[in-house]
Each structure stands twice: as structure tokens, then as C-alpha cells.
Amino acid sequence: MAKEKELDVLDSSYLHLLSAFLAMEPPNVVISFARDCGGDSITETVQNFIWRHCISKADVKWQGPYLKRFLKKLIVEIESSGCVVLDELYEQYAFYMTSLRGDDAAKENSRVLKIISFLFPDESSGILSCSKSRKLEVKLQCSLNMLEGDTGCSIWPSSLFLSEFILSFPDIFSNKCCFEVGSGVGLVGICLAHVKASKVILSDGNLSTLANMKLNLELNHLRTGTQLLDHHRNCNTVQCVSLPWESASEDELRYFTPDIILGADVVYDPTFLPHLVRVLVVLLRCENSVSEEVDAVSEFDASQCKVMSNATQNAEFSGDPIPSVKGRVAYIASVVRNVDTLRYFLSLAKQSNLIVTDLTEKVKPFNFLPYIKSYQQSGIKMFRIS
Ligand SMILES: C[S@@+](CC[C@H](N)C(=O)[O-])C[C@H]1O[C@@H](n2cnc3c(N)ncnc32)[C@H](O)[C@@H]1O
């Protein structure tokens, strides 16, 4: 039998193949990584790898319809290239054909479990390796319906970007009280807990999104709390609060006193933007934060890159130094789907005397998710608001 790749010595093409499969990337994307692994052909070695590390370990309960579609495409691809298909792959496909009748994926609000792997470069070489210590895996239950939970049950690109930002510059967030608005599936909060924010508060206005978010935190071994009066700072506890921007009272908001506020893909509905800006204003102005003494220019001190290898070329600091700003800040990442909506948000912020700095060209996080082809850092705008 051809020698199989072992998980602890994976080179980057195998790592991309496995990560893309776990994240449930479209079958064509996963298959193209499979081809890369075998030098433009899905060889027996590659098929064995897919069988052992992807298919046989997958959970039919969560991924059944995806597995079926993936295997079908894979088998067609291998056959049409004239290679021999592994018996195990045929047998598994036959099993799915009989056990997964109909297409569950078509059911409204079907849930799937995606595993997002942040791939940290090897410190000495800068090359991706699959050593367990250099990989952060986040399990997220998501909906196949992008609109479920007021859009909050899907992973949106800006939360991937903010997560890469947090993991690239952990010192900005460690030992800080971080508050996220419109948290959705909770990915950003899980990354904040990973870099040891002193307190993580996630919020959302939609109750089914909040329920899904809590489940995701638990899937990732984080405790969830809802107690607003919880002053006990514990890195493993993440607070989840219901916070519709339009009804959040000033008193309620003043209670949180975060050092850093975050938001990913929350600038999209003009109806809610005045409420969102009001929430940001109150959170940015509330008193008693430890961040008053923090000079935010130090946030982007290049020495923070020491956690990653000098050999890594992905992260770079370009353009002029970021202007100094005292006190509490918000980081808002956004895909610009409608320029007028973004302009409206910026004008509301200006009217409220907020200072908005466009960091898009100034700060580039590491590319920890190279296998997610639908996500490009260049598609995201990043603003710092103070
Ligand atoms: C496009 S999703 C982004 C979710 C997550 N931040 C991400 O990037 O994956 C927008 C999020 O904002 C929340 N949201 C929308 N309008 C809201 C409002 N008026 N008050 C509070 N949350 C709201 C939604 O429930 C949803 O979770």
C-alpha cells in the first residue's frame, strides 16, 4: 500500500486539503487541493489520506449531505482522470446513497458543524506545518440559511478577518475587557478568549443567534455567562448578552465599561445604523476603563510580531505609522456591499464626534486561513473608532 501522510508531518497542500474539508469548503475547492497533493492527480496516497483523515472521521449527523456531494464529485474526478478509485470511497458513497435519502441540506435552517482551522506558520521556517501546537481549531455550528437568526447563524468574512487580526496582534487584546456587537456565531469571542482577553462579552439582538452562539462557546470548551453583575474575570468564561441596538438603554450600556469594542459585518442595514452608532458612542465614552492610560499607538508596535516568525511574509506594516490615540477604541471590520451605507455610517460617526481611522491599508493581519478561497483579506475594510 502506498505510504500515507501522517498528520504530524503534513506539508501545506495536505494541510489545506484537510482544513478545507473540515471547514466544509465547496467540494471543488477541496478536490483542487487534493489534486495539488498528488502533483495534479488524485493518487492512491491522496485517496488514502482523504479516506483516513477526512471521510472516516466525519460526523454524518452534521455533514451527511456535504459528504455525499463531496464523495460523488471526488469519485467522478478520479474516474475521469483514469485513476483507480479506492474501494472504501465507493463503499462509503453507496452507504450515503442508501442512508441519506433526499437532500437534508435543502431543509430550511439546516445546521452543519464547520471546523475553522487557523494555521500558524512554523516559527523557524515560516512554512505551514501541522504540528498540533501551531493550529487553532474552532468548531462552529452554523446554519445553511444565511439569513437565519437575522443573519447571525452564519460565518461572515469580516469575522474571519477580525479573528486573524486578534490572533496576529494578541497583545492588543490580552488582559483587556473586550465587548463585541452583533457577534453572530461567536468566532471573534472564541479568538479573544484564546489570546486571554481578561473579559469577553459577546452580544447580539437576535435570540436564536444568541442560543447558537452559546452552543458554539460550549463546543469550544468555554463557559458561558449571562450575568451582567459578574465582575469575576475568568478567561474561560464568555458573557453572552441580548443587546438589540435600538432598545439598549444608556444605563445598560454604561454598565459594561469595555476597553475594546469590536464589530464584524455589522454595517449593512441603514435602518439600524443610527442605533449602532449610539451604542458605540456610549460604550466608547463610559468611564472607569483601564484603557484610559493606554496609548493605542503602541498597539501596532512591530515587536508584537515576535510571536510569529520573522520569516513569515504575510503580516506587514505598511504606510505611515498609525496616529496615536488615547483611551478606548472600537475595531469595526466590514465588507463594503453598498458604498452609500458605509458613507452613512461614517457620517453618523462624524456627527457624534467620533474619530474614525481607516486602517485598511495600514495593518495587515497574518493569513491564517489560506484554504478558504471565498475569503480574501483584501475584501475587508477595517476602521478604528475612538
Ligand atoms: C452579518 S451578521 C455578522 C455576524 C458576525 N459578526 C460575523 O461577522 O460573522 C450581523 C449580526 O448583527 C446582528 N444584528 C443585526 N441587527 C442588529 C441589531 N439591531 N441589534 C443587535 N444585533 C443586530 C445580527 O443578529 C447578526 O448576528
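Anything mentioned here points back to the structure above.
None of the values given here were measured: they were computed from a predicted structure.

> What is the right way to look at the overall build of the protein in this model?
Each helix and strand in the protein was counted, giving 12 helices and 12 strands. Sequence separation of at least 24 residues holds for 76% of the intrachain contacts in the protein that already meet a minimum separation of 6. Accessible surface computed for the protein: about 17100 Å², of which carbon and sulfur atoms make up 52%.

> Just to check I follow, could you spell out the site of the ligand for this structure?
Contacts to the ligand come from 22 residues, most closely from Gly182, Asp204, Trp245, Glu246 and Ala264. In the environment of the ligand, a nitrogen atom lies 2.9 Å from a nitrogen or oxygen atom belonging to the backbone of alanine 264. A breakdown of the residues in the shell around the ligand according to their chemical character gives 7 nonpolar, 11 polar and 4 charged.

> How should the state of the cysteines be read in this particular structure?
Simply put, the disulfide is a covalent bond whose two ends are the sulfur atoms of two cysteines. As enumerated under the stated definition, the model contains 0 disulfides in all. The thiol sulfur of cysteine 177 is not disulfide-bonded, and the nearest other cysteine sulfur, from cysteine 178, lies at 6.7 Å.

> Where do I start with the pairing of strand β4 (residues 199–204) in this structure?
On a regular strand, each side chain points to the face opposite its neighbour's, so the side chains alternate between the two faces of the sheet. Of all 6 residues in β4, 6 are buried; the element is thus mostly enclosed. The alternating pattern of β4 places Lys199, Ile201 and Ser203 and Val200, Leu202 and Asp204 on opposite faces, both of which are buried. Where strand β3 (residues 177–181) and β4 come together, 4 bridges link them in parallel fashion. Counted as the bridge partner of cysteine 178 is valine 200 from β4.

> I keep staring at the pattern of salt bridges and nothing clicks. Help me out?
Opposite charge on two side chains permits pairing when their charged atoms draw close. Following the criterion strictly, the structure yields 7 salt bridges and no others. We note a salt bridge from glutamate 250 to arginine 254, for which the minimum N-O separation is 3.0 Å. Here the residue glutamate 250 and the residue arginine 254 both occupy positions in helix α10 (residues 250–254), the gap between them amounting to 4 residues, near one helical turn. Taking relative accessible area as the criterion, glutamate 250 reaches 40% and is therefore assigned partly exposed.

> Whenever I open this one, unusual backbone geometry confuses me. Can you help?
Of all residues except glycine, most have a negative phi; of all peptide bonds, most are trans. Unlike most non-glycine residues, asparagine 175 shows phi in positive territory, near 65°. For asparagine 175, the location among the structural elements is in the loop between α7 (170–173) and β3. Judged by relative accessible area, which is 60%, asparagine 175 ranks as exposed.

> Mind showing me how you'd approach helix α5 (residues 87–99) here?
For α5, which comprises 13 residues, the first-to-last C-alpha distance of 18 Å matches the rise-based estimate of 18 Å (1.5 Å per residue) to within 8%. Where α5 is buried, its residues contact α3 (44–55) and α4 (60–80).

> What exactly am I supposed to notice about helix α9 (residues 207–219) here?
Every α-helix winds through 3.6 residues per turn, so residues three or four apart in the chain are directed the same way. Helix length check: α9, at 13 residues, gives a terminal C-alpha distance of 18 Å against a target of 18 Å (1.5 Å per residue), a fit within 8%. Looking at α9, one finds that the buried residues are Thr209, Leu210, Asn212, Met213, Asn216 and Leu217. Along the long axis of α9, the arc covered by the buried residues comes to 165°, so they all point the same way. Here the buried face of α9 lies against β1 (111–119), β2 (135–143), α8 (187–194), β4, β5 (223–225) and β6 (237–242). Note on α9: the residue one or two positions beyond its end, histidine 221, has a positive phi of about 60°.

> Even after reading the chapter, I still don't get the nonpolar core, so can you show me in this structure?
Generally speaking, nonpolar side chains in soluble globular proteins are found buried as a group. Phe21, Ile55, Ile116, Phe118, Phe173 and Tyr331 are the most contacted members of the largest nonpolar core, which totals 91 residues. Excluding residues that lie within four positions of it along the chain, phenylalanine 118 makes contacts with Arg134, Lys135, Leu136, Val138, Ser163, Glu164, Leu167, Leu187, Cys191, Phe368 and Leu369. Counting 29 residues, the second largest nonpolar core, distinct from the first, contains Trp245, Leu253, Leu276 and Val282.

> Quick question: what am I supposed to make of the packing of aromatic side chains here?
Where two aromatic rings form a pair, the distance of their centres and the angle of their planes describe that pair. Scanning the entire structure with this criterion turns up 12 aromatic pairs. For the pair phenylalanine 21 and tyrosine 66, a centre-to-centre distance of 6.0 Å together with 50° between the ring planes defines the contact as tilted. Here phenylalanine 21 is found in helix α1 (residues 12–22), whereas its partner tyrosine 66 is found in helix α4, with 45 residues between them in sequence. Per residue, the accessibility class of phenylalanine 21 equals that of tyrosine 66, and both read buried. By way of ring pairs, the aromatic residues Phe165, Phe169, Phe173 and Tyr331 are connected into one cluster.

> Help me understand the sheet that holds β5 in this model?
What links the strands of a sheet is backbone hydrogen bonding, and the strands pair in either a parallel or an antiparallel sense. On the basis of which strands lie adjacent, the open sheet formed by 8 strands has the order β5-β6-β4-β3-β7-β9-β12-β10 and mixed pairing. With one partner strand each, in any of the chains shown, β5 and β10 (356–358) form the two edges of the open sheet. On average, each strand axis in the sheet is tilted by 25° relative to the strand beside it, whichever way the strands run. Bridge analysis of β5 against β6 gives 3 bridges, and the strand direction is parallel.

> Just checking my understanding: could you explain the packing of α3 against α5 for this structure?
When two helices pack together, their arrangement is captured by the angle between the axes and the distance separating the axes. Their axes nearest at 10 Å, the elements α3 and α5 cross at an angle of 40°. As the angle between them shows, α3 and α5 are arranged oblique. Contact residues: Gln47, Trp51 and Ile55 in α3; Glu88, Leu89, Gln92 and Tyr96 in α5. By residue class, the composition of the contact of α3 with α5 is 4 nonpolar, 2 polar and 1 charged.

The rules we used
Residue positions within a chain follow its written sequence, with the count starting from 1. Only residues with pLDDT of at least 70 get local features here, since the model is predicted, and only at 80 or more are side-chain atom pairs given and counted; chain-wide, interface and lining totals rely on the full set of residues. Excluding hydrogens and water, the side-chain figures rest on all heavy atoms present in the structure. Segments assigned H or I by DSSP are reported as helices when at least four residues long, segments assigned E as strands when at least two residues long, and all are numbered from the N terminus. Two residues qualify as a contact provided that any one of their heavy atoms is within 4.5 Å of a heavy atom in the partner residue. With residues, only the protein chains shown are counted as cover, and all accessible areas are computed by Shrake-Rupley using a 1.4 Å probe. Definition of nearness: a residue and a molecule or strand are near each other if at least one heavy atom of the residue lies within 4 Å of the molecule or strand. Contacts described as polar in this section are N or O atom pairs within 3.5 Å, which, within protein, must combine one atom able to donate a hydrogen with one able to accept it, while residues neighboring in sequence count only if both atoms come from side chains. Three categories are distinguished: nonpolar for Ala, Val, Leu, Ile, Met, Phe, Trp, Tyr, Cys and Pro, charged for Asp, Glu, Lys and Arg, and polar for the others, with Gly belonging to the last. The rule for a disulfide is simple: a pair of cysteine sulfur atoms within 2.5 Å. Exposure categories follow from relative accessible area, calculated using a 1.4 Å probe and restricted to protein chains: below 20% of the type maximum is buried, above 50% is exposed, and the middle band is partly exposed. A strand pair is defined by DSSP finding two or more bridges across the two strands. The rule for a salt bridge is simple: a side-chain nitrogen of Lys or Arg has to be within 4 Å of a carboxyl oxygen of Asp or Glu. To estimate the expected span of a helix, count its residues, drop one, and scale the result by 1.5 Å. Directions pointing from the helix axis toward each C-beta atom define the arc. The set of buried Ala, Val, Leu, Ile, Met, Phe, Trp, Tyr and Cys residues whose side-chain atoms join them within 4.5 Å is what this entry labels a nonpolar core. For Phe, Tyr and Trp, where Trp contributes only its six-membered ring, two rings pair if their centres lie within 6.5 Å, and the inter-plane angle classes them as stacked under 30 degrees, edge-to-face over 60, or tilted in between. Note on geometry: axes are C-alpha line fits, over the in-contact stretch for helices, and angles between N-to-C directions span 0 to 180 degrees. The scheme is simple: roughly parallel for angles under 35 degrees, roughly antiparallel for over 145, roughly perpendicular for 65 to 115, oblique for anything else.

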